[in-house]
Amino acid sequence: MTDAPPEYVRALRGFISCSLVGLPIATAVYGITILQTYLYFRRYPEDSIRLKTLVGTLWILDTFTIVLICHSTYKIVISNTGQVASDFVLPWSVSLENGATDLITVAVQCYFASQLHRLSRRRVLPGLIVLLTIPTLGN
């Protein structure tokens, strides 16, 4: 790694460090998500099919993001060990994970806005929430 510019080496070390610390935390939080999803379907069988579909879709997307995080961490930390040139090219799973996270963010924020509209019967604040959330998909 000595032939690479120092700022790239620092950035790569930071990325690897965050990956190694963040992966166990992300999987622990994912375990909590699995439990919450299971409990939701057990305790609220009378909820609408629309809400159940949203919860199930969010769980599937969350599962997908964990798989992508594991893949990118494996590729960067294990597969590319000692290959300086390939260390500076992020795996495709990093971009795809960001996209899946953006979808989760938009879905949750739009649901929040719809609940706020349903409870308050006002349109301005929920509309503002949706308006500020939609650009998230442009990343």
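Everything quoted here is computed from the prediction, not taken from an experiment.

Trainee: Lay out the environment of E46 with the relevant residues and their values.
Mentor: Structurally, the position occupied by E46 is in the loop between α1 (6-43) and α2 (49-79). For E46, a relative accessible area of 59% translates into the label exposed.

Trainee: Lay out the packing of α2 against helix α4 (residues 92-120) in plain terms, naming residues and giving numbers.
Mentor: Packing of α2 against α4 brings their axes to within 9 Å, and their N-to-C directions diverge by 155°. Viewed along their axes, α2 and α4 adopt a mutual orientation that is roughly antiparallel. Between α2 and α4 lies a crossing of left-handed hand. Between α2 and α4, the contacting residues are L51, L54, L58, L61, D62, F64, T65, L68, I69, H71 and S72 on the first element and W92, S93, V94, L96, E97, A100, T101, L103, I104, A107, V108 and Y111 on the second.

Trainee: Outline α2, supporting the account with residue identities and numerical values.
Mentor: For an α-helix the count is 3.6 residues per turn, leaving residues at separations of three or four pointing the same way. With 31 residues, α2 should cover 45 Å at 1.5 Å per step; its first-to-last C-alpha distance of 43 Å lies within 8% of that length. For α2, the full list of buried residues reads L51, V55, G56, L58, L61, D62, T65, I66, L68, S72, T73 and I76.

Trainee: Go over the confidence of the model for the protein chain, please, and point to the residues and values.
Mentor: For the protein chain, per-residue confidence averages 86 on the pLDDT scale, and 91% of positions sit at 70 or higher. Considering each helix and strand of the protein chain separately, the mean pLDDT is smallest for helix α3 (residues 84-87), with a value of 58, and largest for α2, with 93.

Trainee: Quick rundown of the packing of aromatic side chains? Include the residues and the values.
Mentor: Centre-to-centre distance and the angle between the planes together describe a pair of aromatic rings. Applying the stated criterion across every chain, the model contains 2 aromatic pairs. Plain terms: the ring middles of Y40 and F41 are 5.2 Å apart, the flat faces sit at 70° to each other, and that makes the pair edge-to-face. One aromatic cluster in this structure is built from Y40, F41 and Y44.

Trainee: Give me the lowdown on the side chain of D62, citing residues and values where you can.
Mentor: Tracing the backbone shows D62 in helix α2. One buried charged residue, D62, remains without a salt bridge, the closest side chain of opposite sign being R43 at 18 Å. The residues contacting D62, other than those within four sequence positions of it, are Y30, T33 and I104.

About the cut-offs
- Residues numbered from 1 in each chain as written.
- Predicted model: local features only at pLDDT ≥ 70, side-chain atom pairs only at ≥ 80, totals over all residues.
- Heavy atoms only, no water.
- Helix = DSSP H or I, 4+ residues; strand = E, 2+ residues; numbered from the N terminus.
- Buried < 20%, exposed > 50% of the residue type's maximum accessible area, 1.4 Å probe, protein only.
- Axes fitted to C-alpha atoms, helices over the stretch in contact; angles between N-to-C directions.
- Parallel < 35°, antiparallel > 145°, perpendicular 65-115°, else oblique.
- Left-handed = near helix turned anticlockwise from the far one by under 90°.
- Contact = heavy atoms within 4.5 Å.
- Expected span 1.5 Å × (residues − 1).
- pLDDT = per-residue confidence, 0-100.
- Phe/Tyr/Trp six-rings, centres within 6.5 Å; stacked < 30°, edge-to-face > 60°.
- Lys, Arg positive; Asp, Glu negative; His and termini not counted.
- Salt bridge = Lys/Arg side-chain N within 4 Å of Asp/Glu carboxyl O.

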